[in-house]
Amino acid sequence: MFKDNWNPIETFNNNEIETILAGQYWNYNKNKSFKNGQITIGFIRIKSDENFWLLFHIGKITKDLNVLNGIGYKFKTLSEYKKYFGRLIITFKNTSQNMIRNAESVINDLFLEYDKVNISWDKMCRVLEKDNWKKALQNQKGVYLLTDTSNGKKYVGSAYGENMILSRWRAYVKNRQGGNIRLKQLDFDHIKRNFKYSILDIYKSTTDDQLILDRENWWKEVLQSRKFGYNEN
């Protein structure tokens, strides 16, 4: 947090992560708040008068160093979350003096692991109404995959317009086919029973649209979804 001449955002931009980890508001070890094996999540307040916080670190405590100044614990950064560092922003308003929460109580609500998405039509209908899914998918361009589990046929699509992946997948919820010629030929019940939805590539919202289109074409070639699947072009 901001205090006197302490500006955590500037420190983060200067890549001085160790300085942040040793900061006053990170170092709760004098109260023994952290224990070996626990996961810690670090957020930086973006502006002193706002409730927006930037993720900068996730680690696992490996050893209590029993010191009151500096970093009070040895830790291991959890590499599977590095792709979110400096990118994930949450809103949080502290309503008490306690700024500590157990990581396991919030971590599943913070992260949507794009490379592990592989959901049915029914599940897609449900998760697209969840806030964490909506926020994640509406701010990400990407290339996605539809798989017909009854015959192995695939459809590769891309999303880069307004609300990005969220918008495209909502179209499949609404009318099953999203305007795609070969999918229009399928029975809606067949799609509900057999289709899976996954993500092949994910890009931040500022990525040039042409890159998304190039990657879509590349996946169509790799998966041969024009010849053996549902892609028309």
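*Asks:* Mind showing me how you'd approach the sheet that holds strand β5 (residues 118–120) here?
*Replies:* Two strands in a sheet stick together by hydrogen bonds in their backbones, pointing the same way (parallel) or opposite ways (antiparallel). Spatially, β5-β8-β6-β7 is the arrangement adopted by the four strands of the open sheet, whose pairing is antiparallel. The sheet is open, and its two borders are formed by β5 and β7 (154–159), each paired with just one other strand. Averaged over all pairs of adjacent strands, the angle between strand axes in this sheet comes to 25 degrees, irrespective of strand direction. Examined bridge by bridge, strand β6 (residues 140–148) and β7 share six bridges and lie antiparallel to one another. Its bridge partner lying in β7, Gly142 is registered against Ala159. Its contacts with the sheet place helix α6 (residues 164–175) against β5, β6, β7 and β8 (195–204), and it is angled at close to 30 degrees to β6.

*Asks:* I'm lost on the nonpolar core in this one. Help?
*Replies:* As a rule of thumb, soluble globular proteins bury nonpolar side chains together. Counting residues in hydrophobic clusters, the biggest one holds 35 residues, and the most contacted among them are Leu137, Trp169, Tyr172 and Tyr197. The dominant element in this core, judged by the number of residues it contributes, is α6, at four residues. Here Trp169 is in contact with Val117, Ile119, Met124, Leu128, Leu137, Tyr144, Tyr197, Ser198 and Ile199, once residues within four sequence places are set aside.

*Asks:* Would you take a moment to explain the confidence of the model for the protein for this structure?
*Replies:* Regions with low pLDDT carry predicted coordinates that are not meant to be interpreted in detail. Summing up the model confidence of the protein, the mean pLDDT is 80 and the portion of residues at 70 or higher is 77%. At the low end of the mean pLDDT range in the protein sits helix α3 (residues 107–110), at 56; at the high end sits helix α9 (residues 209–223), at 96. For residues 24–30, every residue scores under 50 in pLDDT, and the model assigns this stretch 23 contacts once sequence neighbours within four places are set aside.

*Asks:* Explain α6 here, please?
*Replies:* One full turn of an α-helix is made of 3.6 residues, so residues set three or four places apart face in the same direction. Taking 1.5 Å as the rise per residue, α6 with 12 residues should run 16 Å; its terminal C-alpha atoms sit 17 Å apart, in good agreement. Along α6, the residues that are buried comprise Met164, Ile165, Leu166, Trp169, Ala171 and Tyr172. Where α6 ends, the next residue or the one after it, Arg176, has phi of about 75 degrees, a positive value.

*Asks:* Is there a simple way to think about the side chain of Ser158 in this case?
*Replies:* Among the structural elements, Ser158 can be located in strand β7. A distance of 2.9 Å separates polar atoms of two side chains, one belonging to Ser158 and the other to Glu216. For Ser158, the residues in contact, after removing those within four places along its chain, are Gly142, Val143, Tyr144, Arg168, Ile212, Leu213 and Glu216.

*Asks:* What is the right way to look at the pattern of salt bridges in this model?
*Replies:* One side chain can pair with another of opposite charge once the charged atoms of both are near each other. For the coordinates displayed, the defined rule picks out five salt bridges. Measuring nitrogen to oxygen at the nearest pair gives 2.6 Å for the salt bridge that ties Lys141 to Asp209. Of this pair, Lys141 sits in strand β6 while Asp209 sits in helix α9, and the two are 68 residues apart along the sequence. Notably, a salt bridge pairs Glu221 with Arg226, separated by 2.8 Å at the nearest N-O pair. Accessibility expressed as a relative area gives 45% for Glu221, which makes it partly exposed. Assessed through its relative accessible area of 25%, Arg226 is described here as partly exposed.

*Asks:* I would appreciate a short explanation of the packing of aromatic side chains in the present structure.
*Replies:* When we look at a pair of aromatic rings, we describe it by the centre distance and by the angle of the planes. Under the counting rule described, the total for this entry stands at eight aromatic pairs. For the ring pair Tyr144 and Tyr172, a centre distance of 5.9 Å and an interplane angle of 75 degrees mean the geometry is edge-to-face. With a gap of 28 residues between them, Tyr144 in strand β6 and Tyr172 in helix α6 connect regions that are remote in the sequence. Considered together, Tyr144 and Tyr172 belong to a single accessibility category, that of buried residues. Centroid distance Tyr172 to Tyr197: 6.1 Å. Interplanar angle 45 degrees. Geometry classified as tilted. Note that Tyr172 is positioned in helix α6 and Tyr197 in strand β8, a separation of 25 residues in sequence. With a relative accessible area of 0%, Tyr197 lands in the buried category. Connected via pairs of aromatic rings, a cluster forms that spans Tyr144, Trp169, Tyr172, Phe195, Tyr197 and Tyr230. Just above the ring of Phe188 sits the side chain of Lys192; from NZ or CZ to the centre is 4.5 Å.

Rules used throughout
- Residues numbered from 1 in each chain as written.
- Predicted model: local features only at pLDDT ≥ 70, side-chain atom pairs only at ≥ 80, totals over all residues.
- Heavy atoms only, no water.
- Pairing = 2+ DSSP bridges.
- Helix = DSSP H or I, 4+ residues; strand = E, 2+ residues; numbered from the N terminus.
- Axes fitted to C-alpha atoms, helices over the stretch in contact; angles between N-to-C directions.
- Contact = heavy atoms within 4.5 Å.
- Core = buried A, V, L, I, M, F, W, Y, C linked by side-chain atoms within 4.5 Å.
- Buried < 20%, exposed > 50% of the residue type's maximum accessible area, 1.4 Å probe, protein only.
- pLDDT = per-residue confidence, 0-100.
- Expected span 1.5 Å × (residues − 1).
- Polar contact = N/O pair within 3.5 Å; in protein donor to acceptor, adjacent residues only side chain to side chain.
- Salt bridge = Lys/Arg side-chain N within 4 Å of Asp/Glu carboxyl O.
- Phe/Tyr/Trp six-rings, centres within 6.5 Å; stacked < 30°, edge-to-face > 60°.
- Lys NZ or Arg CZ within 6 Å of the ring centre and 35° of its normal.

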